[in-house]
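Analysis of the macromolecular model
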Amino acid sequence: MTPRVSSLSHPIAPFIPAAGATVAVKLSFSTTARCSHSPFPAAAASSLKLLRSSPRILLSQSKKSLSCVAARSGFRGGVLVTKCSASKEQLKSAKEDIKELLSTQFCHPILVRLGWHDAGTYNKNIEEWPQRGGANGSLRFEVELKHGANAGLVNALKLIEPIKEKYPDITYADLFQLVSATAIEEAGGPKIPMRYGRVDVSAPEQCPEEGRLPDAGPPSPADHLREVFYRMGLNDKEIVALSGAHTLGRSRPERSGWGKPMTKYTKDGPGAPGGQSWTVQWLKFDNSYFKDIKWSEDEDLLVLPTDAALFDDPSFKVYAEKYAEDQEAFFKDYAEAHAKLSDLGAKFDPPEGFSLDEGPVPEKFVAAKYSSGKRELSEAMKQKIRAEYEGFGGSPNKPLPTNYFLNIMIVIGVLAILTALAGN
């Protein structure tokens, strides 16, 4: 019987383990995608004991962490939430620690998957938080970690536990997304325009039900991908762009039922050898995933049904072909899609969140600012005003350029008129 696979590996080409099995695929929403260097078998058991013993705070059991949660937990609209106030400096410092972790443990794939699986439960048809799912830190609870699609992610929590203990003011929701974006960037991928300030749920009862993450071997791969990702509010372009994250990681058949036990690309690691990767350099983020699927000439590279669907489906194929030819376009679209995924379902405090980057955010164009009076302008008039404004060289983000020659001519004209009036 072919094992079900679910993933958000790319977020899409999924890998769900068969009952009782442990799966290790790469970023998949359903694979275990463990850290490439070690399966942490003992760590998994000990971590699960830890989760059972402390359902409220699963990783950090230090007094500092507990006091932080106690001080910042409360009820909002009848919902218990945890809101630890981390500063930009703390998040920046934590990011440096994450970079160090990545450089020594080669765990980019599983950390990307951790952030995706926390956010990927979002349902746009549900308005209430946290019932709608999404990036709210609920993945730290045992009840959600036991979902088939999340097999092995307890090892990711074990990896980042020291960072959480060091920075207890950072919420799990923010930390999961921070490690995910940092892993992409450190693997050579684009800079993700992230924002932070996510609020945590505080009890396992607030976890979403199982079944919101994708499978990797459905009868109609393209239809299944759309069903799952449209529910999140994502479109075809974003589905294909996110799929490109399969450039990272590898699959092990003894855990997922997919791939070869070992190939010439995985026999020497880094980390524990073995498994089959989607790309030759499976810890480097680039557009080789699309190139390799397009040509499918190397039997040592993995292609899942959900991967092949990107070139079989007419709509998906437009973007897959584009990304295979243009890495810059892929990076741009991936960065936007990843940032959108990381915000799904999240509640921010402050409501607009905050960025770790310096500099002001460009002001959005508001046509009414360029009108007078209190009456609201029609959309047609707003468009006309904007067109005229930009026709003179202006834009919503910068003032009109100065025409020095015209200014000089005006001054000369004014002086001439004044001289003539004085003479008369």
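Reference entry: report on the structure contained in this document. Quick caveat: nothing in here was measured; it's all calculated off a predicted structure.

What follows concerns the packing of helix α11 (residues 288-295) against helix α12 (residues 305-312). Describing two packed helices takes the angle between their axes plus the distance from one axis to the other. Orientation of α11 relative to α12, taken along the N-to-C sense of each, is 80°, at an axis distance of 10 Å. Considering their axes alone, α11 and α12 lie roughly perpendicular with respect to each other. Residues Tyr289, Phe290, Ile293 and Lys294 of α11 lie in contact with α12, whose contacting residues are Asp307, Leu310 and Phe311. Across the contact of α11 with α12, the residue classes break down as five nonpolar, no polar and two charged.

What the rule picks out here adds up to 10 aromatic pairs. Pairing Phe285 with Phe330 gives two aromatic rings, centres 5.6 Å apart and planes at 10°, and the pair type is stacked. On the criterion of sequence distance, the pair formed by Phe285 in the loop between β5 (276-277) and α11 and Phe330 in helix α14 (residues 327-343) is long-range, its members being 45 residues apart. Pair check on accessibility: Phe285 and Phe330 agree, each one buried. Between Phe285 and Phe331, the ring centres sit 5.7 Å apart and the planes meet at 55°, which makes this aromatic pair tilted. You can see Phe285 sitting in the loop between β5 and α11 and its partner Phe331 sitting in helix α14, a full 46 residues away along the chain. By relative accessible area, Phe331 is classed as buried at 16%.

To continue, consider unusual backbone geometry. Along the chain, Gly269 connects to Pro270 via a cis peptide bond; the corresponding omega equals 10°. In this fold, Pro270 is placed in the loop between α10 (253-256) and β5. Cis geometry marks the peptide bond from Asp349 to Pro350, where omega comes out at 5°. Tracing the backbone shows Pro350 in the loop between α14 and α15 (379-391). Even without being a glycine, Phe106 presents a positive backbone phi close to 55°. As for its placement among the helices and strands, Phe106 is situated in the loop between α3 (88-105) and α4 (108-119). We note that Ser296 has phi near 45°; this positive angle belongs to a residue other than glycine. Along the chain, the position of Ser296 falls in the loop between α11 and α12. When its relative accessible area of 47% is taken as the criterion, Ser296 is described as partly exposed.

A word on the packing of helix α7 (residues 172-186) against α14. At their nearest, the axes of α7 and α14 sit 11 Å apart, and the two run at 170° to each other. By the angle between their axes, α7 is roughly antiparallel relative to α14. Facing α7, whose interface residues are Gln177, Ser180, Ala181 and Ile184, α14 presents Tyr334, His338 and Ser342. Split by residue class, the contact of α7 with α14 holds three nonpolar, four polar and no charged.

Time to look at the pattern of salt bridges. Counted under the stated rule, the structure contains 19 salt bridges. With a closest N to O distance of 3.3 Å, Asp343 and Arg198 form a salt bridge. Here Arg198 lies in the loop between α7 and β3 (200-201) and Asp343 lies in helix α14, a separation of 145 residues in the sequence. Accessibility expressed as a relative area gives 1% for Arg198, which makes it buried. Across the pair Lys267 and Asp268 runs a salt bridge whose closest N-O atoms are separated by 3.8 Å. Exposure remark for Lys267: the relative accessible area of 43% places this residue in the partly exposed category.

This part covers the nonpolar core. Core analysis: the biggest nonpolar cluster contains 76 residues, and Leu111, Leu114, Phe285, Phe290 and Tyr334 have the highest contact counts within it. Core analysis: the next-biggest nonpolar cluster, separate from the first, contains five residues, Trp129, Phe141, Val199 and Val201 among them.

Let us look at α14. The end-to-end C-alpha distance of α14, which contains 17 residues, comes to 24 Å, matching closely the 24 Å that a straight helix rising 1.5 Å per residue would cover. Of all the positions in α14, only Ala329, Phe330, Phe331, Asp333, Tyr334, Ala335, Ala337, His338, Ala339, Leu341 and Ser342 are classed as buried. Buried residues in α14 make contact with α4, α7, α9 (236-243), α11 and α13 (314-325). Sitting at the head of α14, Asp326 places a side-chain oxygen 3.1 Å from the backbone nitrogen of Glu328. Gly345, located one to two residues past α14, shows a positive phi value of around 75°.

A cluster of nonpolar residues, Leu406, Ile410, Val411, Val414, Leu415, Ile417, Leu418 and Leu421, forms a patch on the protein surface that exposes about 760 Å² of accessible area. Relative to the elements of secondary structure, Val411 occurs in helix α16 (residues 404-423). Classification of Val411 as partly exposed rests on a relative accessible area of 48%.

Cut-off values and rules
- Residues numbered from 1 in each chain as written.
- Predicted model: local features only at pLDDT ≥ 70, side-chain atom pairs only at ≥ 80, totals over all residues.
- Heavy atoms only, no water.
- Axes fitted to C-alpha atoms, helices over the stretch in contact; angles between N-to-C directions.
- Helix = DSSP H or I, 4+ residues; strand = E, 2+ residues; numbered from the N terminus.
- Parallel < 35°, antiparallel > 145°, perpendicular 65-115°, else oblique.
- Contact = heavy atoms within 4.5 Å.
- Nonpolar A, V, L, I, M, F, W, Y, C, P; charged D, E, K, R; others polar.
- Phe/Tyr/Trp six-rings, centres within 6.5 Å; stacked < 30°, edge-to-face > 60°.
- Buried < 20%, exposed > 50% of the residue type's maximum accessible area, 1.4 Å probe, protein only.
- Salt bridge = Lys/Arg side-chain N within 4 Å of Asp/Glu carboxyl O.
- Core = buried A, V, L, I, M, F, W, Y, C linked by side-chain atoms within 4.5 Å.
- Expected span 1.5 Å × (residues − 1).
- Polar contact = N/O pair within 3.5 Å; in protein donor to acceptor, adjacent residues only side chain to side chain.
- Patch = residues over 30% accessible without salt bridge, like charges linked within 9 Å, V, L, I, M, F, W, Y side chains within 5 Å.
- Areas by Shrake-Rupley, 256 points an atom, 1.4 Å probe, with all protein chains shown as cover.

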